[in-house]
Amino acid sequence: MTNPVPRRALLAAAALLAAPAPLRAQPSLRLVVIGGGFGGASAASFARRNHPDVQVTLVEPQRAFVTCPYGNLLLGGERRIGQITHSYDGLRARGVTVIHDRAAGVDAAARRVRLAGGQSLSYDRLILSPGIALRWGAIEGYDEAAAGLMPHAWVPGDGSQTLLLRRQLEAMPDGGVVGLAIPANPFRCPPGPYERISMIAHYLKRHKPRSKILALDAKEGFSKQGLFQDGWRALYGDMIEWVPGNRDGKVVRVDVRERVLETEFGTRHKVDVANIIPPQSAAAIAREAGLANDTGWVPVDTRSFEARAAAGIHVIGDANIPGPMPKSGYIASTTARQAVASAIALHRGQNPPEAVYFNTCYSHVGEEYGISVVGIFRPNADGTAIVEVPNSGGVSPRGDLPAQRRLEALHADAWYDSITGYMFG
Amino acid sequence: MIVSAVRIILPAALAALLAGPAAASGPAPLAAEGCLGCHGPEGRGASGIAALAGRDRAELVAILTAFRANERPGTIMGRIARGYTDAEIAAVAEHFSRLR
């Protein structure tokens, strides 16, 4: 006996589920994405997963992406470089055209991107996720050459900066001083310097327990401060000294040869290993395209992430001015989706979709000791501001909560696998 | 016979159409995209973090509502759920309940 295929039922089901016909009739939209980090890779992945009719080209000079998140665990001896390095093959398999070249310039009027290798790409919509530039010279004596001796390890590139800092920590004798210079807001990854302090302490406690960490900060306070300082006291005793800006913590000058960090009021701190996290701005391509304002960062429509200064260019990730949202990988990734969905809608003469932006930043303070900050944000109706949803989000509870800390450390690892799996898987 | 075949095959056809990366249900609601950063691509879960794909819609709504009301213990989900509206919770639950 054969069961006849219920054609009418299948056709009805297919009709209910098929993508709306008008979308298919449109000419294919050319989306160019500059930058293959948390913003750009998420944008390319989201576009291909949800809008398979869109042509996506990703421009990224690095052959593989080394994440900033979990770079601090490498410094702590808990990860190797291969574990935080991701290939672009997964995006290629999703149908993204990946070009390993540097985007040299954007012509917003002609809607073209010029590549350093001479090629030129036309786009209907550009997703610009170029990341940050380090402001060489903002700290006197700290330029690109100086970073070869005093690493910043804040723009991972091929990973060499993070590996250099790790090697210096390994070479330091027990009893040495690790000095950090931490910038004023805004900068990439607000809790990052403090997780870094934690992970360096984690390494030193095991291998060089007489050593000290001197954290010189331009600010008076920082992200998850109470939680970090609780953890530092509990895990590392008096190993860590944090000096805020109002106690002469702001580093204004470095002497690379002498390994001296000099603060605003002339105190000279001689250290054995120095990690300089300098002041930052949007990456050069955004500034050279005239998209940044005099802060050095890019103002955007808070609903579509279209740059205020140029139609058709959506700026996401650490380069933009995100209102109350942090410059984090998670925000880069969730706003990437909204930017792509908005770019497609606007190209088709529709309004950007309703938006909700979501952030979770985990930090490792020590072994099985994780803390977090959560934020849920919405743009206002006219795209001029972003507000955090009242009574939501916030940081982990304080107090002696070992089970919570252990779970959050586990969840941090799962976060890393999930978000990079989405971006590159 | 045709009636029974419809009963058997239609759900299977629906499941087939809804499965896989090109799930014909269209783009996920953007509120659900926010979950994927921890709960894994397609909400499949990650080590120590619950899978969302294929869970019962009403169960997901109940869990999120309890987190929001501070009636369910957790590490960060209470802080998260308090940021979402009823409509977003419903859309998120609907989306993940339809994934396999």
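Residues numbered from 1 in each chain as written. Chains lettered and ligands numbered in written order. Predicted model: local features only at pLDDT ≥ 70, side-chain atom pairs only at ≥ 80, totals over all residues.

For chain B, the helix and strand inventory stands at 6 helices and 0 strands. When each of the 100 residues of chain B is scored for burial, the buried share is 34%. Of the contacts formed within chain B by residues at least 6 apart in sequence, a portion of 57% connects residues at least 24 apart. (Helix = DSSP H or I, 4+ residues; strand = E, 2+ residues; numbered from the N terminus. Buried ≥ 20, exposed ≤ 12 C-beta atoms within 10 Å, placed from the backbone. Contact = placed C-beta atoms within 7 Å.)

Turning to the overall build of chain A, a few remarks are in order. Broken down by element type, chain A carries 11 helices and 23 strands. Over its C-alpha atoms, taken along the principal directions, chain A stretches across nearly 80 × 55 × 40 Å. Counting contacts in chain A only where the partners sit at least 6 residues apart, residues at least 24 apart contribute 68% of the total.

A few words now on the environment of Pro52 of chain A. With respect to the element layout, Pro52 of chain A can be found in the loop between helix 3 (38–50) and strand 2 (55–59). Put simply, Pro52 of chain A and Ser28 of chain A are 24 residues apart on the chain and 9.6 Å apart in space, counted from C-alpha to C-alpha.

Another point: the UniProt feature "domain: Flavocytochrome c sulphide dehydrogenase flavin-binding" (unreviewed entry) in chain A. Residues annotated in UniProt with the feature "domain: Flavocytochrome c sulphide dehydrogenase flavin-binding" (unreviewed entry) correspond here to residues 353–424 of chain A. Each end of residues 353–424 of chain A is marked by a C-alpha atom, and these two atoms are 25 Å apart; helix forms 32% of the span and strand 36%. (UniProt positions renumbered as here; feature names shortened; annotations may be inferred.)

Take the sheet that holds strand 14 (residues 251–255) of chain A next. Residues and elements named next belong to chain A. Strand order in the open sheet formed by 3 strands is 14-15-16, and the pairing between neighbours is antiparallel. Looking at which strands have only one partner, the edges of the open sheet turn out to be strand 14 and strand 16 (268–270). Across the sheet, the axes of successive neighbouring strands diverge by a mean angle of 25 degrees, strand direction being ignored. (Pairing = 2+ DSSP bridges. Axes fitted to C-alpha atoms, helices over the stretch in contact; angles between N-to-C directions.)

All names here are of chain A. Running from N to C, helix 3 and helix 11 (residues 402–424) point in directions that differ by 60 degrees, and their axes come no closer than 7 Å. Classified by the interaxial angle, the pair formed by helix 3 and helix 11 is oblique. Seen from helix 3, the contacting residues are Phe38, Ala41, Ser42 and Ser45; seen from helix 11, they are Tyr422, Met423 and Phe424. Its residues placed into classes, the contact of helix 3 with helix 11 shows 5 nonpolar, 2 polar and no charged. (Parallel < 35°, antiparallel > 145°, perpendicular 65-115°, else oblique. Nonpolar A, V, L, I, M, F, W, Y, C, P; charged D, E, K, R; others polar.)

All names here are of chain A. In contact at an axis separation of 8 Å, helix 3 and helix 10 (residues 329–347) are set at 40 degrees when each is read in the N-to-C sense. Between helix 3 and helix 10, the interaxial angle falls into the category oblique. The interaxial crossing formed by helix 3 with helix 10 has right-handed handedness. Residue-level contacts link Phe38, Gly39, Ser42, Ala43, Phe46 and Ala47 of helix 3 to Gly329, Ala332, Ser333, Ala336, Arg337, Ala339 and Val340 of helix 10. Within the contact of helix 3 with helix 10, the residues separate by chemical class into 8 nonpolar, 4 polar and 1 charged. (Left-handed = near helix turned anticlockwise from the far one by under 90°.)

This brings us to helix 4 (residues 57–68) of chain B. All names here are of chain B. The end-to-end C-alpha distance of helix 4, which contains 12 residues, comes to 17 Å, matching closely the 16 Å that a straight helix rising 1.5 Å per residue would cover. Of the residues making up helix 4, those classed as buried are Ile63, Leu64, Phe67 and Arg68. When helix 4 is viewed along its axis, its buried side chains cluster within an angular range of 135 degrees and face the same direction. Exposed side of helix 4, more than 90 degrees from the buried face: Ala58 and Glu59 are the residues found there. Where helix 4 ends, the next residue or the one after it, Asn70, has phi of about 60 degrees, a positive value. (Expected span 1.5 Å × (residues − 1). Arc of directions from axis to C-beta.)

This next bit is on unusual backbone geometry. In this chain, Asn185 of chain A is followed by Pro186 of chain A through a cis amide linkage whose omega measures -5 degrees. Counting through the fold element by element, Pro186 of chain A comes out in the loop between strand 11 (177–182) and helix 7 (192–207). Positive phi, normally seen in glycine, also occurs at Tyr70 of chain A, with a value near 75 degrees. When the 23 C-beta atoms within 10 Å are taken as the criterion, Tyr70 of chain A is described as buried. Unlike most non-glycine residues, Glu42 of chain B shows phi in positive territory, near 60 degrees. Mapped onto the elements of the fold, Glu42 of chain B is located in the loop between helix 3 (36–39) and helix 4. On the basis of neighbour count, Glu42 of chain B is assigned to the buried category, with 22 C-beta atoms found within 10 Å.

All names here are of chain A. Side chains Val273 and Asn275 project from strand 17 (residues 273–276) onto one buried face, and the interleaved Ala274 and Ile276 project onto a second face that is buried too. Examined bridge by bridge, strand 11 and strand 17 share 4 bridges and lie parallel to one another. Bridge pairing in strand 17 places Leu180 opposite Asn275.

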